[in-house]
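Topology and contacts: notes
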Amino acid sequence: GYSSAGESVERVARAGLSILFLFLLFLLFSVRAEDDDDDDTFTFTRVIMGGSQSGERAMEVSDAGELQRETGFTAEEMQALQRTFHSICNRKEADGVIHRSELKEALGFHDSMFIDRIFRLFDRDENGVIDFREFIRAMAIFSENGSLEEKLKFSFQIWDVDEDGYISREELYRSVGASLFENDVKVSEDQLFELVDATFAAVDVDGDGRIGMSDYARMVESNPSLLNFMTVK
């Protein structure tokens, strides 16, 4: 058993948020800009927006500048993220967009639902690929410029598999199992059920059998250390 409901809640949250943090850390810092140009204007070499699915349209410099202003990334950060994006999207198709198989290979993830959830949340238009604009906007959420509301919403959606605005016991069971699998943590089925039950007992305050956004936000706010997993500095 667990010493307290609070401990079980934190273990569940850390299971998912830690792997999310490692994922974001890889994306933000795996490829750094090679020059030390202090100019705050981002110089785009060539970024394809949507690859072959959008007629190989290159992003205009003005569009790139707008994206930089929108996200708050510095020129150096944008250059680093551009390099990261291209290092992933050129692994197989070389069509200027990131496919699920390319993201999975780049991160070394297992073939679990966790990579499906991460990919789905980046792929905002649900066309089956991640273009550069989607990539940058998602990364901005977990930068220091991202708001707490954005961070909470994004991380909540990882658990909300059917996207109905609530986390059910089944969704939490599947999501925690997948994230523990990604972390190479082995637990028995009984232990996993115990963890989920203890979490619901502590977080589902109104006892309606599901965890809503307000329940989730309260859980994170009562465990301030979890916020460290939501911001990559």
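Calculation notes
- Numbering of residues starts from 1 in every chain and runs along the sequence as written.
- In keeping with the predicted nature of the model, local features appear solely for residues at pLDDT of at least 70, side-chain atom pairs appear and are counted solely at 80 or more, and the whole-chain, interface and lining totals rest on all residues.
- Computation of side-chain values covers all heavy atoms of the structure but excludes hydrogens and water.
- Segments assigned H or I by DSSP are reported as helices when at least four residues long, segments assigned E as strands when at least two residues long, and all are numbered from the N terminus.
- Partly exposed describes any residue whose relative accessible area lies between the buried limit of under 20% and the exposed limit of over 50%, with all areas from a 1.4 Å probe on protein chains only and scaled to the type maximum.
- The accessible surface values rely on the Shrake-Rupley method and a 1.4 Å probe; as for residues, cover is taken only from the protein chains in view.
- Think of a polar contact as two N or O atoms within 3.5 Å of one another; within protein, one of them needs to be a possible hydrogen donor and the other a possible acceptor, and neighboring residues in sequence only count if both atoms come from side chains.
- None of His or the chain ends enter the tally, which takes Lys and Arg as positive and Asp and Glu as negative.
- The working definition used for a salt bridge is a side-chain nitrogen of Lys or Arg within 4 Å of a carboxyl oxygen of Asp or Glu.
- Residue contacts are defined here by distance: any two heavy atoms, one from each residue, within 4.5 Å place the two residues in contact.
- Whenever a helix is involved, its axis is fitted only over the stretch in contact; in every case the axis is a line through C-alpha atoms, and angles between N-to-C directions fall within 0 to 180 degrees.
- Roughly parallel here means an angle under 35 degrees, roughly antiparallel means over 145, roughly perpendicular means 65 to 115, and every remaining angle is called oblique.
- Each crossing gets its handedness from the near helix: less than a right angle anticlockwise from the far helix is left-handed, clockwise is right-handed.
- Note on aromatic contacts: the rings of Phe and Tyr and the six-membered ring of Trp form a pair at centre separations within 6.5 Å, being stacked when their planes are under 30 degrees apart, edge-to-face when over 60 apart, and tilted otherwise.
- Counting as a charge over the ring demands two things of the Lys NZ or Arg CZ atom: a distance within 6 Å of the ring centre and an angle within 35 degrees of the ring normal.
- Per residue, pLDDT measures the predictor's confidence, with a range of 0 to 100.

Quick notes on the overall build of the protein
Scanning the protein from N- to C-terminus turns up ten helices and two strands. Taking all 233 residues of the protein together, the buried fraction comes to 48%. Carbon and sulfur atoms provide 47% of the accessible area of the protein, an area that totals close to 11400 Å².

Quick look at helix 6 (residues 132–141)
Most of helix 6 is tucked away, with nine of its ten residues classed as buried. Among the residues of helix 6, F132, R133, E134, F135, I136, A138, M139, A140 and I141 are the ones counted as buried. The opening residue of helix 6 is D131, an N-cap whose side-chain oxygen sits 3.1 Å from the backbone nitrogen of R133.

Describing unusual backbone geometry
Phi is positive for E126, close to 55°, though the residue is something other than glycine. Among the secondary structure elements, E126 is positioned in the loop between helix 5 (113–122) and helix 6. In this structure, E163 takes a positive phi of about 55° despite not being glycine. Along the chain, E163 falls in the loop between helix 7 (148–159) and strand 1 (166–168). Taking relative accessible area as the criterion, E163 reaches 41% and is therefore assigned partly exposed.

Section: the side chain of E102
Within the element layout of this structure, E102 appears in helix 4 (residues 100–107). The buried charged residue E102 lacks any salt bridge partner; its closest oppositely charged side chain belongs to K92, at an N-O distance of 7.4 Å. Sequence-distant contacts of E102, that is, excluding residues within four places in its chain, are made with I88, C89, N90, R91, K92, E93, A94 and V97.

Here's the deal with the side chain of D204
Mapped onto the fold, D204 is located in the loop between helix 9 (189–203) and strand 2 (210–212). Buried and without a salt bridge, D204 has R169 as its closest oppositely charged side chain, separated by 5.9 Å. At a separation of 2.8 Å, a polar atom in the side chain of D204 contacts the main-chain amide nitrogen of G209. Among all residues touching D204, those that are not within four sequence positions of it are T199, G209, R210 and D215.

Details of the packing of helix 3 (residues 75–89) against helix 6
Following both chains from N to C, one finds helix 3 and helix 6 inclined at 125°, their axes separated by 11 Å at the closest point. One element, helix 3, and the other, helix 6, form an angle in the oblique class. Taken as a pair, helix 3 and helix 6 cross one another with a handedness that is right-handed. Contacts between helix 3 and helix 6 involve M78, L81, Q82, T84 and F85 from the first element and F132, F135, I136 and M139 from the second.

So, the packing of aromatic side chains
How two aromatic rings sit relative to each other is set out by the distance from centre to centre and by the angle between their planes. Taken as a whole and assessed by the stated rule, the structure comprises seven aromatic pairs. Centroid distance F122 to F135: 6.3 Å. Interplanar angle 50°. Geometry classified as tilted. Residue F122 is located in helix 5, and its partner F135 is located in helix 6; the two are separated by 13 residues in the primary sequence. Neither residue differs from the other here; F122 and F135 are each classed as buried. Ring centres 4.5 Å apart and planes at 25° place the aromatic pair Y173 and F193 in the stacked group. Separated by 20 residues along the polypeptide, Y173 in helix 8 (residues 169–182) and F193 in helix 9 bring together distant segments of the chain. Y173 sits in the partly exposed class, given a relative accessible area of 22%. Following the ring pairs from residue to residue traces out a cluster consisting of F85, F122, F132, F135, F142 and F154. The ring of Y166 carries the charged tip of R210 above its face, separated from the ring centre by 3.5 Å.

Observations regarding the confidence of the model for the protein
Summing up the model confidence of the protein, the mean pLDDT is 75 and the portion of residues at 70 or higher is 71%. Looking at the elements of the protein, mean pLDDT is at its lowest for helix 1 (residues 5–29), recorded as 45, and at its highest for strand 1, recorded as 95. Throughout residues 1–57 the model reports pLDDT below 50, and contacts reaching past four residues in sequence, or to other chains, amount to 145 contacts.

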